[in-house]
Amino acid sequence: MKHRKSPMMTSRRSFLAGTGAVAAGITLAPHKSFSAEDKVINFYNWDTYIGETTLDDFAAATGIEAKMDLFADNDELFAKLREGNPGFDVIVPSNDYVERMAVADMLSPLDHDKIPNIANIEPVFMEAAFDPGRKFSLPYMWGTIGIGYRAGAVDGVPDSWKWLYDSDKYSGRIALLGDASTVMGLALKYLGYSYNTVDPAEIKQAEELIIAQKPHIKLFADDNGQDLLASGEVNLAQEWNGDILQVQEEDEDIAYIVPKEGAVIWQDCLCIPAGAPHPQNAHAFIDYLLDAEAGAAIADFIQYATPNGAAKKLMSEEYLSNPAIFPTEEVIAKLEPEIYRGEEVTKLFDEAWTRINAV
Amino acid sequence: MDHWRDHKLAFWVFAIPGTAWLVVFFLAPLAIVWALSFGENISITQTRVTGTLENYGRALLTPVYLQVIWKSVWLSALATAGCLLIAYPVAFLISFVGARWKMILLAAIILPFWINLLIRTYALIAVFRTRGFVNFGLEWVYETLFLDRLFGPFQPLELLYNNFAVGAGLIYVFMPFMVLPLYASIERLDKSLLEASLDLGAGQFTTFWRVTVPLTMPGIVSGIILVFIPMLGSFLIPDLLGGTNAQMIGNVIERQFKSANDYPFGAALSFLLMYATFAALALRAYAAGRRSAAQV
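The numbering scheme is per chain: residues are counted from 1 as the chain's sequence reads. Just so you know, chain letters begin at A and ligand numbers begin at 1, following the order they were written in. Note on the predicted model: pLDDT of at least 70 is required for a residue's local features to be given, and 80 or more for side-chain atom pairs to be given and counted; whole-chain, interface and lining totals, by contrast, use all residues.

1. Some thoughts on helix α10 (residues 204–215) of chain B
- Put simply, DSSP marks the helices as runs of H or I at least four residues long and the strands as runs of E at least two long, and each gets a number from the N terminus on. An expected span of 1.5 Å times one less than the residue number is assigned to each helix. Along its 12 residues, α10(B) runs 15 Å from first to last C-alpha, staying within 8% of the 16 Å computed at 1.5 Å per residue.
- With C-beta atoms placed from the backbone, the exposure class of a residue follows from how many other C-beta atoms lie within 10 Å of its own: 20 or more, buried; 12 or fewer, exposed; in between, partly exposed. For α10(B), a buried count of 0 out of 12 residues is recorded, marking the element as mostly open to its surroundings.

2. Description of the interface of chain B and chain A
- Across the boundary between the two partners, chain B contributes 26 residues, which contact 30 residues of chain A.
- Where the side of chain B that touches chain A is concerned, the elements lending two or more residues are α3 (63–96) and α13 (249–257) of chain B.
- In this classification, the charged set is Asp, Glu, Lys and Arg, the nonpolar set is Ala, Val, Leu, Ile, Met, Phe, Trp, Tyr, Cys and Pro, and all remaining amino acids, among them Gly, are polar. For the side of chain B that touches chain A, a count of residues per class yields 8 nonpolar, 12 polar and 6 charged. Note on contacts: each residue gets a C-beta atom placed from the backbone, and two residues are in contact if those atoms are within 7 Å.

3. Some remarks on the nonpolar core
- For this entry, the nonpolar core is defined as buried Ala, Val, Leu, Ile, Met, Phe, Trp, Tyr and Cys residues connected by C-beta atoms within 7 Å. By size, the foremost hydrophobic cluster in this structure holds 152 residues, and its most contacted members are Val90(A), Phe285(A) and Leu269(B).
- With 15 residues, helix α8 (residues 163–188) of chain B is the single largest residue contributor to this core.
- An automatic or database domain assignment supplies the start and end points of every domain. Looking at this core, you find at least three residues from each of domain 1 (34–142 + 266–326) and domain 2 (145–265 + 335–358) of chain A.

4. Overview of the confidence of the model for chain B
- Overall, the prediction assigns chain B a mean pLDDT of 90, with 98% of residues at 70 or greater.
- Prediction confidence for the complex, expressed as pTM and ipTM, is 0.85 and 0.86 respectively. The pLDDT score gives, residue by residue, the confidence of the prediction method on a 0 to 100 scale.

5. Remarks on the pairing of strand β1 (residues 40–46) of chain A
All names here are of chain A.
- Within β1, 6 of the 7 residues are buried, leaving the element largely enclosed by the surrounding structure.
- Here a strand pair is declared whenever DSSP counts at least two bridges between the two strands. Two elements, β1 and strand β2 (residues 65–71), share 7 bridges in a ladder whose sense is parallel. Bridging across to β2, Asn-45 finds its partner in Leu-70.
- A crossover connection joins β1 to the parallel β2 through helix α2 (residues 54–62); in handedness this β-α-β unit is right-handed.
- As judged from the 2 bridges shared by β1 and strand β3 (residues 90–91), these two strands associate in the parallel manner. Orient the strands so they point away from the viewer, and a crossover whose first-strand-to-second-strand path over the helix runs clockwise is right-handed.

6. A short note on the domain arrangement of chain A
All names here are of chain A.
- By the assigned domains, chain A splits into domain 1 (34–142 + 266–326) and domain 2 (145–265 + 335–358).
- Inter-centroid distance (C-alpha atoms) of domain 1 to domain 2 is 27 Å.
- Listed by partner, the interface residues are 14 residues for domain 1 and 14 residues for domain 2.
- When residues of the side of domain 1 that touches domain 2 are assigned to their parent elements, the largest contribution, 4 residues, is made by helix α4 (residues 95–103).
- Taken together, the residues of the side of domain 1 that touches domain 2 break down into 7 nonpolar, 3 polar and 4 charged.

Below you can see the structure in the form of structure tokens.
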């Protein structure tokens, strides 16, 4: 790819930001100074990813009304913000998207002094290769992607990706996720390669593995594998750990395992997108989410692992000792985080995904 | 009728809002997408229009994209044919029943159309899935007839997450667009012509085939156009109802604007579809022109 710069070049982003500034100038002209923001904050979050009363509690504590919109995946979040921030103050991208959005100047740096509850975060989470010094992001929740399964319908514990990628034993009862990088990344893990490989030969091999397995895969599901499992449509689903645990509460026959070949470990982060209209409130909101009690209430409701040490002290033994939430050291050693590998690799994966879906 | 030049003011008063709407909300965005199809990505979020033909080259020379377009064409054609086969008798029925029933039947066709597409598609999932209404119904019939004692327990049909589900979903969602133009043209049909045909010795079948169908051809053609073109670009239905090979070109285009983050390529694929549609419409206009010329 050539990167030529021309003085005539104006990106649509900066053009939109320009018109946005004009519009903001018109609408905000009679308003007060910067320090007196409206008592609102626009939160853009994943579905089923906040405590039952968190937003109301925040309003009661600070007088700031938190309005929440939902996105289905990182791509939707990215696409919404690509042409300029439509008005969000706090967003929740995953680690690789924090990096991608930081590279694209889509995030605004955090002022750590305004977030005293940073002290609650376990020190290990304050170091992040995808965001050195935690300049743009703070950890919200973390977890794994593994296999959710119906224990009564499978033989023993399906502790290998083989059952999803390389076997006809559960033909027609398998759901994989619906995005190229995860499905192919985990196929690469099964083949013994890195989740983050950029080697076209290895990627090709993963593509061929999935194509050969396709007759046995029921569908590529977009974040609803847990529902397919709960409704009996499939018996094995590639899913996020917390999503499986949420349906496990209603159906004890459902279980979760990280396969022995390893899997992907992710971290969803709290960030303030560039051009956020209420940055002060956004800092206050992030600080509130990192509070011990608020963080514990969220973790208790959504059943994902919190990086908040103070919140963990308030959690039940059942939550803390659940290996589906907090994997053992042995399992963690086999997990890999997804790394942002540039736009060319994104394109490579998309083309492979188009071929996989076309056959 | 008066000529528009005699009432210039009235003409412009009526013409300007619609024209402005068309330009601002249709032609301008379309022009932006068209320009984008000749562009390249210069950073994660920036594209520049350079006049390159690379996007079209990639779409036409990489076999998989033509393959997906071809699949979308035949699936849409099949679903359009299904729509026509179901809609024609329905439209016929509506135009021959009394006024009271006409209202009820038309409402039955139009009412579902007022419900959001996404919700109707999710409703189809509840109908088709393994533990869905179709399978419950079949199971009930199966057990009522004691077939389970003869052939063993009921095996639910795999109706969801395959091409059948996508086709059924397309037919269901686009049905009103087929019924309404057909109904309009059948309603206009001079019924005495049918009687004449029967009186003069043609059977029911011949009358239908040689009188009714040719006379309602305008409705058939507009129905096909109204249904086939949006089907070709649909992405939600294959996404929700389809299995691992349900991908239509709409899904590929959607991905270019989301996960693949390649707006120029997505724009080029959209416009390839548009060019093909224009070509088909032009061909139809040409054929219609030749036919009317032949009749003169």
